[in-house]
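Structure at a glance
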Amino acid sequence: MIYLPPPLAQLLTTLLSTGLLLGALVSLLGCYFSIRVIRRLRIERENLLKEKELIFNFVQTTGEVFTESETLDSERLMQRVLYFCLRTTHTAGGCIYLLGEDQRLYARAISGVFPPLSGVKDKVGGLDLGVLKNEQLEELTRSTPVALGEGLVGQTADFGTPMLIEHAELDPRVPHFDNSILNIRSILMVPMRFRHKTIGVICVVNRVDGIPLSERDQSLLQGLADQAAGSIYYAQFRAALDEKHRLDQDLHMAMRIQKGLLPRELPEIPGVDVHAFNLAAQEVGGDYYDVIQIDDQHVGLAVADVSGKGIGGALMMSICRSVLRAHAARNPDPAAVLREVNRTMVSDIYEDMFVTMIYMVLDLQSRELSIARAGHDPPLVLPPGENQVIREFSGGLAIGLVDADTFDATIESTRVQLEPGTWVLAYTDGITEAMNLDGEEWGVNLLTRAYISGRTLNARQMCANIQERVLRFTGEAPQYDDMTLLALKVE
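Right, let's walk through the structure included here. This structure is a prediction, so every number in the text was calculated from the model and none was measured. (Residues numbered from 1 in each chain as written. Predicted model: local features only at pLDDT ≥ 70, side-chain atom pairs only at ≥ 80, totals over all residues. Heavy atoms only, no water.)

**Considering the nonpolar core**
- Core analysis: the biggest nonpolar cluster contains 54 residues, and Leu-324, Leu-338, Val-355, Tyr-359, Ile-399, Leu-418 and Leu-488 have the highest contact counts within it.
- Broken down by element, the residue count for this core peaks at seven residues, all from strand E10 (residues 355-363).
- Setting aside chain neighbours within four positions, we find Leu-488 in contact with Val-272, Asp-273, Val-274, Leu-301, Leu-362, Leu-418, Thr-422, Trp-423 and Val-424.
- Met-78, Leu-86, Leu-98 and Met-192 belong to the second largest nonpolar core, which has 24 residues in total. (Core = buried A, V, L, I, M, F, W, Y, C linked by side-chain atoms within 4.5 Å. Buried < 20%, exposed > 50% of the residue type's maximum accessible area, 1.4 Å probe, protein only. Helix = DSSP H or I, 4+ residues; strand = E, 2+ residues; numbered from the N terminus. Contact = heavy atoms within 4.5 Å.)

**Considerations on the packing of aromatic side chains**
- Counting across every chain of the model gives three aromatic pairs.
- Between the aromatic rings of Phe-194 and Tyr-233, the centroid separation amounts to 4.3 Å while the plane-to-plane angle is 20°, which identifies the pairing as stacked. Of this pair, Phe-194 sits in strand E5 (residues 187-194) while Tyr-233 is found in helix H6 (residues 215-261), placing the two residues 39 residues apart along the sequence.
- Since its relative accessible area comes to 31%, Tyr-233 is described here as partly exposed. (Phe/Tyr/Trp six-rings, centres within 6.5 Å; stacked < 30°, edge-to-face > 60°.)

**Quick notes on the pairing of E5**
- With seven of its eight residues buried, E5 lies for the most part within the structure.
- Bridge count for strand E4 (residues 163-165) against E5 is three bridges, and the pairing is antiparallel. Of the residues in E5, the one forming a bridge with Leu-164 is Leu-188.
- Relative to strand E6 (residues 197-207), E5 is paired through eight bridges, and the arrangement is antiparallel. When the bridges of E6 are listed, Leu-188 appears paired with Val-204.
- Taken together, E5 and the strand that follows it, E6, pair antiparallel across an intervening segment of two residues, in which Arg-195 is found at a positive phi of about 50°. (Pairing = 2+ DSSP bridges.)

**What to know about unusual backbone geometry**
- The backbone of His-90 shows a phi angle near 55°, a positive value even though the residue is not glycine.
- Examined against the element boundaries, His-90 turns out to sit in the loop between helix H2 (74-89) and strand E1 (91-99).

**Focus on helix H8 (residues 334-345)**
- With 12 residues, H8 extends 16 Å from end C-alpha to end C-alpha; this agrees with the ideal 16 Å at 1.5 Å per step.
- Here H8 has its buried residues at Pro-334, Ala-335, Ala-336, Val-337, Leu-338, Val-341, Asn-342 and Met-345.
- Measuring from the side-chain oxygen of the N-cap residue of H8 to the backbone nitrogen of Ala-335 gives 3.2 Å; that N-cap residue is Asp-333. (Expected span 1.5 Å × (residues − 1). Polar contact = N/O pair within 3.5 Å; in protein donor to acceptor, adjacent residues only side chain to side chain.)

**Some thoughts on the pattern of salt bridges**
- If you walk through the whole model with that rule in mind, you get 11 salt bridges.
- We note a salt bridge from Arg-108 to Glu-75, for which the minimum N-O separation is 2.5 Å. Of this pair, Arg-108 sits in strand E2 (residues 104-112) while Glu-75 sits in helix H2, placing them 33 residues apart in sequence.
- Judged by relative accessible area, which is 34%, Glu-75 ranks as partly exposed.
- Connected through shared salt-bridge partners, Arg-207, Asp-209 and Asp-217 make up one network. (Salt bridge = Lys/Arg side-chain N within 4 Å of Asp/Glu carboxyl O.)

**Comments concerning the sheet that holds E6**
- One open sheet holds the six strands; their spatial order is E3-E2-E1-E6-E5-E4, and the pairing between them is antiparallel. Across the chains shown, the open sheet's two edge strands, defined by having one partner strand only, are strand E3 (146-147) and E4.
- Of the strand pairs in this sheet, E1 and E6 are connected by seven bridges, and their pairing is antiparallel. In the sheet register, Thr-91 faces E6, and the bridge partner there is Arg-207.

**Brief notes about the environment of His-176**
- Mapped onto the secondary structure, His-176 falls in the loop between E4 and E5.
- Judged by relative accessible area, His-176 falls into the partly exposed class, the value being 29%.
- In the structure, His-176 is positioned 60 residues away from Pro-116 in sequence and 10.0 Å away in space, judged by C-alpha atoms.
- For His-176, the side chain forms a polar contact with the main-chain oxygen of Asp-171, separated by 3.3 Å.
- At 3.0 Å, the side chain of His-176 and the backbone oxygen of Val-174 are in polar contact.

That's the geometry; what it means functionally is another story.
Right, here's the structure in full:
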């Protein structure tokens, strides 16, 4: 045992005690920082697990919504997408904009408090902010489409790149409002891209914890947007197919109704053989033919062509049919009937629409045919034993094209005596203007040649012969106009 003087022993004891305390302090500090690091790593791990769970649930939910029913609810899908976007970024409000066919962006889904971003600040100022409702904000946002390149949303879609504004209150591009509910503190917008094409924009505002949105939020939101873009694109595609299917059904029903407006069977007229056919260029058309029993002695025969095709032409054709039948009753003068038809329709017909019509009245006793034309091609009259057709008949202006007085002054009836064996052919210009793949029209000459060569046929055979010849001429060329033909032979 070594002997040390009391002062030296006291100094050594003090030094040893201080060293132990320092070591203990260093150990304690090391443990403290290790615990903080472990706690931070644990929190980050928990956050990553939560984000992973959110993204997994997002992918699973969008898949379920997409496949759960044959009729896809695209609105529900976008609301689900936006729900997960807000949860992932911890934001208070958001909106999904989709690009429309007019190349403008439309707000299709809104969640939380989402202030309008463009064009409606003045409208918001006029609202009672004390009773402000999300429905009012949504209506303002939905009613204001955004052009490509316009404002923050438009620029995000136009450039196809995300836009993060961490401190939005300092950025003049961000709208500012007096009400704190509407103030945007932080804003993030990412493009929704599908096959290298931007189809929309997802926008979120204001983290609920008060801190600015970050690049990490941007990365997460862009990942969600890329995942959602495919589902939303196909949802729109599916909805468009469903809409087309519904329209096809409506068109099919309209076609059936229109077919019902044409005579199912032409009346049997003593001493007269008559037949007709109609081929619409689309599901429904604007051509019309009719045979009307005026009285015991007179029969009316009409062929009309409404400008335009499709639904509009079909509707106008049905109106024209009703008006003609109403005025034809017990009136054997075709020009007088067409005057009344024009007078009835001219005030209601659209400016860019009109109706050409040939209306003929046959006297069953005298075999005299009265002909009136409202802007329509003249009929082809083929007397027995002749090889030349007669087609010079007085004309007039189309129905709905001019005022009643002008129309009345231009139209008149022409009378022609029909001998036994005489043919009369009335048609629309869809017959003579039918084109083949070389752009050549069938024309009046080929129609006349087919007409003369088939003079020994009956009326049904005549119609079938002309129809077969014109379709053979056009071949694979698409039909651009409705085709209608009415053939009459006096026996």
